[in-house]
Amino acid sequence: MAQGGAKLGKAKKSAGSQRRKQVVKKTVGKGRKAYKAKGRKGVVEREKNETTKAINKKNEALVSARAVGSGDRFFLKDIRETGTNEIKELKKEQYRKENRSAKVTDRLKVQLKKLGRDVE
């Protein structure tokens, strides 16, 4: 028997490997991964995203206010500023509520005096 005389071709690929090769799709490397929704769905999606962002922003402000209000030195500047601003807003709101209630009491006293009632 002469050895090495016959040339062998490439091994035949199985049907399963051929099928798997066909299923694989090329993915987009750059740009948008999905299409932007249009029409009513797009409006609903944008409103949902805006609402979520507003809620997250408010929650972040409250948490940063608590962190800054704890009294320790806080090093993250943007969170520190957000926290101090939120503390100012909360104090202003509290003062306004207290002041408003005092004004209501004063107005009621004046009205009672007009009616002839004794009010201390």
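To be clear, the structure that these remarks concern was listed above.
Cut-offs and rules
Residues numbered from 1 in each chain as written. Predicted model: local features only at pLDDT ≥ 70, side-chain atom pairs only at ≥ 80, totals over all residues. Heavy atoms only, no water. Helix = DSSP H or I, 4+ residues; strand = E, 2+ residues; numbered from the N terminus. Rg over C-alpha atoms; globule rule 2.2 N^0.38 Å. Buried < 20%, exposed > 50% of the residue type's maximum accessible area, 1.4 Å probe, protein only. Areas by Shrake-Rupley, 256 points an atom, 1.4 Å probe, with all protein chains shown as cover. Salt bridge = Lys/Arg side-chain N within 4 Å of Asp/Glu carboxyl O. Axes fitted to C-alpha atoms, helices over the stretch in contact; angles between N-to-C directions. Parallel < 35°, antiparallel > 145°, perpendicular 65-115°, else oblique. Contact = heavy atoms within 4.5 Å. Nonpolar A, V, L, I, M, F, W, Y, C, P; charged D, E, K, R; others polar. Expected span 1.5 Å × (residues − 1). Patch = residues over 30% accessible without salt bridge, like charges linked within 9 Å, V, L, I, M, F, W, Y side chains within 5 Å. Lys, Arg positive; Asp, Glu negative; His and termini not counted. Charge placed at Lys NZ, Arg CZ, Asp CG, Glu CD.

> What is the right way to look at the overall build of the protein chain in this model?
Secondary structure summary: the protein chain contains three helices and zero strands in total. The C-alpha atoms of the protein chain give 36 Å as radius of gyration, which overshoots the globular expectation for 120 residues (14 Å, by more than 25%). Overall size of the protein chain, expressed as C-alpha extent along the three principal axes, is 130 × 45 × 20 Å. When each of the 120 residues of the protein chain is scored for burial, the buried share is 6%. As presented, the protein chain carries roughly 12200 Å² of accessible surface, and 55% of it is formed by carbon and sulfur atoms.

> Is there a simple way to think about the pattern of salt bridges in this case?
Oppositely charged side chains can form a pair if their charged atoms are brought close together. Tallied over the full model, the rule gives three salt bridges. The partner of Glu 86 in a salt bridge is Lys 58, with the nearest N and O atoms 3.1 Å apart. With Glu 86 in helix 3 (residues 77–114) and Lys 58 in helix 2 (residues 39–69), this pair connects stretches of sequence that are 28 residues apart. Ionic pairing is found between Glu 93 and Arg 96, a salt bridge with its closest N-O pair at 3.1 Å. With Glu 93 and Arg 96 both in helix 3 and three residues apart, this pair spans about one turn of that helix. Accessibility expressed as a relative area gives 29% for Glu 93, which makes it partly exposed.

> Hey, could you run me through the packing of helix 2 against helix 3 in this one?
When two helices pack together, you describe them by how their axes are tilted relative to each other and by the distance separating the axes. Closest axis-to-axis distance for the helix 2/helix 3 pair is 7 Å, and the angle between their directions is 90 degrees. Compared by their axis directions, helix 2 and helix 3 come out roughly perpendicular. Residues Lys 58, Glu 60, Ala 61, Leu 62, Ser 64, Ala 65, Val 68 and Gly 69 of helix 2 lie in contact with helix 3, whose contacting residues are Ile 79, Arg 80, Thr 82, Gly 83, Thr 84, Glu 86 and Ile 87. A class-by-class count of the residues in the contact of helix 2 with helix 3 yields six nonpolar, five polar and four charged.

> In this structure, what is going on with helix 3? I would like to understand it.
An ideal rise of 1.5 Å per residue puts 56 Å on 38 residues; helix 3 measures up with 55 Å between its terminal C-alpha atoms. Gly 116, located one to two residues past helix 3, shows a positive phi value of around 95 degrees.

> It is not clear to me how a positive patch on the surface should be interpreted in this structure. Could you clarify?
Taken together, the side chains of Lys 97, Arg 100, Lys 103 and Arg 107 present a region of like positive charge at the surface. With respect to the secondary-structure elements, Lys 97 resides in helix 3.

> Got a minute to help me understand the environment of Lys 48 in this structure?
Looking at the secondary structure, you find Lys 48 in helix 2. Between the C-alpha atom of Lys 48 and that of Asn 85, which follows or precedes it by 37 residues, the distance is 26 Å.

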